[in-house]
Amino acid sequence: MISKRFYTNIIIRIIFILITCLCILPFLFKEEKLFTTLSLTLLLILQVYLLLHYINRFNREIANFFSALKTNDASFAFHDKSFPYIHEKFRSDIEYVRNQLFDITEQKQIQQSYLKALIENSMTGIISVSEVGKVDIINRSALQLLNINRITYLKALEVVHPGLYQFIKNNSTGEDEKIETAIINAQITWNTFK
C-alpha cells in the first residue's frame, strides 16, 4: 500500500531525531551551554513536528479520498507530485475506483436529466411534496391545472385551492393508495409513498 520511499523517509527522520536527542544529552546539565541546549531542543521539536506532519499528510489524503467517496465526488484523485509515496498499484486501484465513481455519477446525472425532462413534458400534472410540505417537483401541467405560476410550499394551496389542500393534507398517510376525486374540474389520482 505504501511505497518503500515512505518507510525510508520515516526511518531517516527517526534516526535524525535520535541523533539530536543524543547530542542534547552532554549539554543538558551544563548551564554554560544553555544556548546550545535550547537550540538543539528547538531542533528536536521541529524534527518531531515535521515527522508528524509528514505522516498526517498521508492520513489526510486517505481521509479526503473516503470523504470524496462518501459524497460521490468523482473529481478527487491522488497526484504524483503532492503524494508521491503511495505504492503504484494502490494508486492505480484508487484511480480505478475513482473512474467507476465518475461513471456512476455521470450515469446518475443522465438519468436524472431524462427523468426531469420526462416529468416536465408529461401531459399529466405531477407534484412531489416532502414530509415537511415543501414542493420538490411540480411540472407545467400541474401549474396549468392549478392555474398558478409557481409554488414552494403546499400550504400555499390552502388559499387558492382549499379543497385540494385539505384532500392532500388528509390523505398523506404514508401508505400506497390511489384516490380519485373531482377537484378543479379534473380527476386527481393521489399516490403517497414512504
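For clarity, every value in this text was computed on a predicted model and none was experimentally measured.

1. Digging into the overall build of the chain
Step number 1: The helix and strand tally for the chain stands at six helices and four strands.
Step number 2: In the chain, the succession of α and β elements from N to C terminus is α-α-α-β-β-α-α-α-β-β.
Step number 3: Buried residues in the chain amount to 29% of all 194 residues.
Step number 4: Sequence separation of 24 or more characterises 31% of the internal contacts of the chain that already satisfy a separation of 6 or more.

2. Quick word on the nonpolar core
Step number 1: Among the nonpolar cores identified, the biggest contains 13 residues, and Ile138, Leu146, Ile151, Leu157, Leu164 and Ile168 are the most heavily contacted of them.
Step number 2: Every element with two or more residues in this core is listed here: strand 2 (135-138), helix 4 (140-146) and helix 6 (162-170).
Step number 3: The greatest single-element share of this core, amounting to four residues, is contributed by helix 6.

3. Thoughts on the confidence of the model for the chain
Step number 1: This prediction gives the chain a mean pLDDT of 78; 78% of its residues lie at or above 70.
Step number 2: Looking over the chain, one finds the lowest element-wise mean pLDDT in strand 3 (residues 179-183), namely 51, and the highest in helix 1 (residues 4-24), namely 88.

4. Digging into the side chain of Ser141
Step number 1: Its place among the elements puts Ser141 in helix 4.
Step number 2: By relative accessible area, Ser141 is classed as buried at 14%.
Step number 3: Within the structure, Ser141 has its side chain in polar contact with the backbone oxygen of Ser122 (distance 2.6 Å).
Step number 4: Ignoring anything within four residues of it in the chain, the contact list for Ser141 reads Ser122, Met123, Thr124 and Gly125.

5. A look at the environment of Asn9
Step number 1: Along the chain, Asn9 turns up in helix 1.
Step number 2: For Asn9 and Leu51, which are 42 residues apart along the polypeptide, the C-alpha to C-alpha distance reads 9.2 Å.
Step number 3: A distance of 2.9 Å separates a polar atom in the side chain of Asn9 from a polar atom in the side chain of Arg13.

6. A word on helix 2 (residues 34-70)
Step number 1: The terminal C-alpha atoms of helix 2 lie 52 Å apart, and with 37 residues this matches the ideal 54 Å at 1.5 Å per residue to within 8%.
Step number 2: Along helix 2, the residues that are buried comprise Thr37, Leu40, Leu44, Gln47, Leu51, Tyr54, Phe58, Glu61, Ile62, Phe65 and Ala68.

7. Concerning the pairing of strand 2
Step number 1: Where strand 1 (residues 127-129) lies against strand 2, three bridges are found, and the strand directions are antiparallel. Across the sheet, Val129 pairs through a bridge with Val135, a residue of strand 2.
Step number 2: Hairpin remark: strand 1 followed by strand 2, antiparallel, with five residues in the connecting loop; positive phi at Gly133, about 90 degrees.

8. Some remarks on the packing of aromatic side chains
Step number 1: One pass over the full model with this rule turns up zero aromatic pairs.
Step number 2: Positioned above the aromatic ring of Tyr54, the side-chain terminus of Arg13 is 4.4 Å from the ring centre.

9. A look at helix 6
Step number 1: Every buried residue of helix 6 is listed here: Leu164, Tyr165, Phe167 and Ile168. All buried residues of helix 6 project into a common sector of 160 degrees when viewed along the axis, lining one side.

10. Digging into the pattern of salt bridges
Step number 1: Under the definition given, this model contains two salt bridges.
Step number 2: Notably, a salt bridge pairs Arg140 with Glu120, separated by 3.7 Å at the nearest N-O pair. Here Arg140 is found in helix 4, whereas its partner Glu120 is found in helix 3 (residues 88-120), with 20 residues between them in sequence.
Step number 3: On the accessibility criterion, Arg140 (44% relative accessible area) is partly exposed.
Step number 4: According to the relative accessible area criterion, Glu120 is partly exposed, its value standing at 29%.
Step number 5: Lys155 is paired through a salt bridge with Glu158; the nearest N and O atoms lie 2.6 Å apart.

Calculation rules
- Residues numbered from 1 in each chain as written.
- Predicted model: local features only at pLDDT ≥ 70, side-chain atom pairs only at ≥ 80, totals over all residues.
- Heavy atoms only, no water.
- Helix = DSSP H or I, 4+ residues; strand = E, 2+ residues; numbered from the N terminus.
- Buried < 20%, exposed > 50% of the residue type's maximum accessible area, 1.4 Å probe, protein only.
- Contact = heavy atoms within 4.5 Å.
- Core = buried A, V, L, I, M, F, W, Y, C linked by side-chain atoms within 4.5 Å.
- pLDDT = per-residue confidence, 0-100.
- Polar contact = N/O pair within 3.5 Å; in protein donor to acceptor, adjacent residues only side chain to side chain.
- Expected span 1.5 Å × (residues − 1).
- Pairing = 2+ DSSP bridges.
- Phe/Tyr/Trp six-rings, centres within 6.5 Å; stacked < 30°, edge-to-face > 60°.
- Lys NZ or Arg CZ within 6 Å of the ring centre and 35° of its normal.
- Arc of directions from axis to C-beta.
- Salt bridge = Lys/Arg side-chain N within 4 Å of Asp/Glu carboxyl O.

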